[in-house]
Structures are given as C-alpha cells and as structure tokens.
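Residue-level listing of the chains:
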Amino acid sequence: MHCWELLHSCGRLTLAAQRPQSTVDKYATWKAETSAVYDCLGSGVLCEKLGYHAVPDRVSNKYVARRPPSPSKEHVKAAASPALGVPYAIEVDGTECLVAVHPNTFPYNVADDVEHNVLWSERRLPADVVEEQLGGLLGATPFLWYENAEALKSLPMVFHVHVFSKVVRGGQTAKDAS
C-alpha cells in the first residue's frame with residue numbers, strides 16, 4: 001500500500017502492477033462487459049466518462065461513441081469551477097475539448113489518506129492545461145499526477161492521467177473542507 005509521502009517523494013511512480021487482486025478482477029469483468037457492448041473499449045470510456053452518446057452500429061451490432069453537440073462558449077467559460085465526475089468543455093489552443101475528472105474505478109493500492117482519480121480528455125492535453133484543470137478542481141488540496149508510459153497504458157486510445165490527492169480530515173480533500 002502506498003502512502004502520500006511515498007507517492008509524493010517518488011513523483012512519477014508506476015503503480016499499475018500494484019492494484020489489489022479484487023480490483024484486477026473487477027477490471028477484467030469491465031473489459032469483457034464493455035467489449036460485448038461497444039465497438040471498442042475507447043468508445044465505452046468516451047461514453048461513460050466524457051458524456052459521448054452511445055449510437056447503435058448496424059454492422060457490428062454494438063454501440064459506437066459519438067461526440068455530443070458542442071456546448072456554447074458560455075458553457076466553456078463556466079467550466080472555471082469543474083466538479084468531480086461531470087464532463088465539461090475547455091478551450092485548448094482555440095479548440096474545444098471535453099474533459100472530466102472521475103474517481104478511478106480501478107484504483108491502485110494506495111493508503112486511506114490518498115484519493116486516486118483520473119482526468120479523462122478526448123484529446124491529449126499539454127501539462128500546463130492538466131495542472132490548470134486539476135488546480136481548479138482540487139484547489140488547495142495537495143496533488144500529483146502522471147501519465148503512464150505508453151507500454152503500460154491499458155486504455156491508450158483515450159488520453160488520461162492518474163491523479164493522486166491528499167485527504168486531509170474526515171475523508172475530505174482540502175477543497176471539500178473549505
């Protein structure tokens with residue numbers, strides 16, 4: 001089990017092999033169920049995490065992911081206060097991009113004082129944009145994040161980074177407690 005101090009001192013720590021067996025089994029079940037429903041795992045993630053529409057494909061008899069209509073510019077600007085688990089639009093280099101931060105459904109084996117979330121995006125985000133989005137969501141809560149190396153990614157088709165944040169008291173992050 002990894003505590004906050006160890007995570008913080010190691011920075012980009014590779015923990016994928018350190019999931020509890022029950023979580024590994026849960027992930028295998030999710031993969032099988034998602035593969036049975038969607039044309040690929042990426043479509044399942046886009047629908048489940050970023051609010052894409054699941055559209056039936058007559059050829060494969062499975063669902064494919066279709067991006068929802070673009071939100072208005074006001075919606076993009078309103079994303080200044082993102083909420084955990086809610087997809088929202090941001091503007092990156094003049095282009096709209098959907099992002100969301102969700103609790104990791106298949107978390108690594110971390111101590112009780114560490115939350116493991118995932119920032120999902122429909123396209124690759126520069127590091128400064130990741131920092132900005134996480135800072136807006138987590139506020140003063142200490143956090144660190146990293147992207148798995150290409151060879152270790154279980155879902156390489158959808159950009160995502162692992163986010164670890166410190167729980168400060170009563171199970172709350174610093175932002176929740178303020």
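It should be emphasised that the depicted structure is a prediction, and the values quoted were computed from it without experimental measurement.

Engineer: Quick rundown of the pattern of salt bridges? Include the residues and the values.
Structural biologist: For the structure on display, the rule yields six salt bridges. Between Glu147 and Arg124 there is a salt bridge; the shortest N-O distance is 2.8 Å. With Glu147 in the loop between β6 (143–146) and β7 (159–169) and Arg124 in the loop between β5 (114–121) and α5 (127–138), the pair connects residues that are 23 residues apart, well separated along the chain. Taking the relative accessible area as the measure of exposure, Glu147 reaches 14% and is therefore buried. Classification of Arg124 as partly exposed rests on a relative accessible area of 48%. Between Lys153 and Glu150 there is a salt bridge, and its shortest N-O distance comes to 3.2 Å. A residue is classified by how much of its surface remains accessible, and Lys153, at 16% relative accessible area, is buried. A single salt-bridge network, built from bridges that share partners, covers Arg124, Glu147, Glu150 and Lys153.

Engineer: Summarise the environment of Leu41; cite the residues concerned and give the values.
Structural biologist: Summarising the element assignment, Leu41 is placed in helix α3 (residues 41–50). Spatially, the C-alpha atom of Leu41 lies 7.4 Å from that of Leu155, the residues being 114 residues apart in sequence. Not counting chain neighbours up to four residues away, the residues in contact with Leu41 comprise Trp30, Lys31, Thr34, Ser35 and Leu155.

Engineer: Got a sec to walk through the packing of aromatic side chains? Specific residues and values, please.
Structural biologist: Tallied over the full model, the rule gives six aromatic pairs. Each ring, one from Tyr27 and one from Trp30, has its centre 5.9 Å from the other, and the planes form 25°; the classification is stacked. Of this pair, Tyr27 and Trp30 are both found in helix α2 (residues 21–37), three residues apart, which corresponds to roughly one turn of the helix. Like Trp30, Tyr27 is buried. An aromatic cluster of three or more residues is present, and its members are Tyr27, Trp30 and Phe106.

Engineer: Give me the packing of α2 against α3: which residues, what numbers.
Structural biologist: The axes of two packed helices give the description: the angle between them and the distance between them. At their nearest, the axes of α2 and α3 sit 8 Å apart, and the two run at 95° to each other. Taken together, the axes of α2 and α3 are roughly perpendicular relative to one another. On the side of α2, the interface is formed by Trp30, Lys31, Thr34 and Ser35, while α3 contributes Leu41, Gly44, Val45 and Glu48. Here the residues of the contact of α2 with α3 sort into three nonpolar, three polar and two charged.

Engineer: Before we move on, could you go through unusual backbone geometry and cite the residues and values that matter?
Structural biologist: The backbone phi angle of Asn61 is positive, close to 60°, even though this residue is not glycine. The topology assignment puts Asn61 in the loop between β1 (53–57) and β2 (62–66). Positive phi is not limited to glycine here, since Asp93 has a value of about 50°. In this fold, Asp93 is placed in the loop between β3 (88–92) and β4 (95–103). Taking relative accessible area as the criterion, Asp93 reaches 73% and is therefore assigned exposed.

The rules behind the values
Residues numbered from 1 in each chain as written. Predicted model: local features only at pLDDT ≥ 70, side-chain atom pairs only at ≥ 80, totals over all residues. Heavy atoms only, no water. Salt bridge = Lys/Arg side-chain N within 4 Å of Asp/Glu carboxyl O. Helix = DSSP H or I, 4+ residues; strand = E, 2+ residues; numbered from the N terminus. Buried < 20%, exposed > 50% of the residue type's maximum accessible area, 1.4 Å probe, protein only. Contact = heavy atoms within 4.5 Å. Phe/Tyr/Trp six-rings, centres within 6.5 Å; stacked < 30°, edge-to-face > 60°. Axes fitted to C-alpha atoms, helices over the stretch in contact; angles between N-to-C directions. Parallel < 35°, antiparallel > 145°, perpendicular 65-115°, else oblique. Nonpolar A, V, L, I, M, F, W, Y, C, P; charged D, E, K, R; others polar.

Just distances and angles here, no functional claims.
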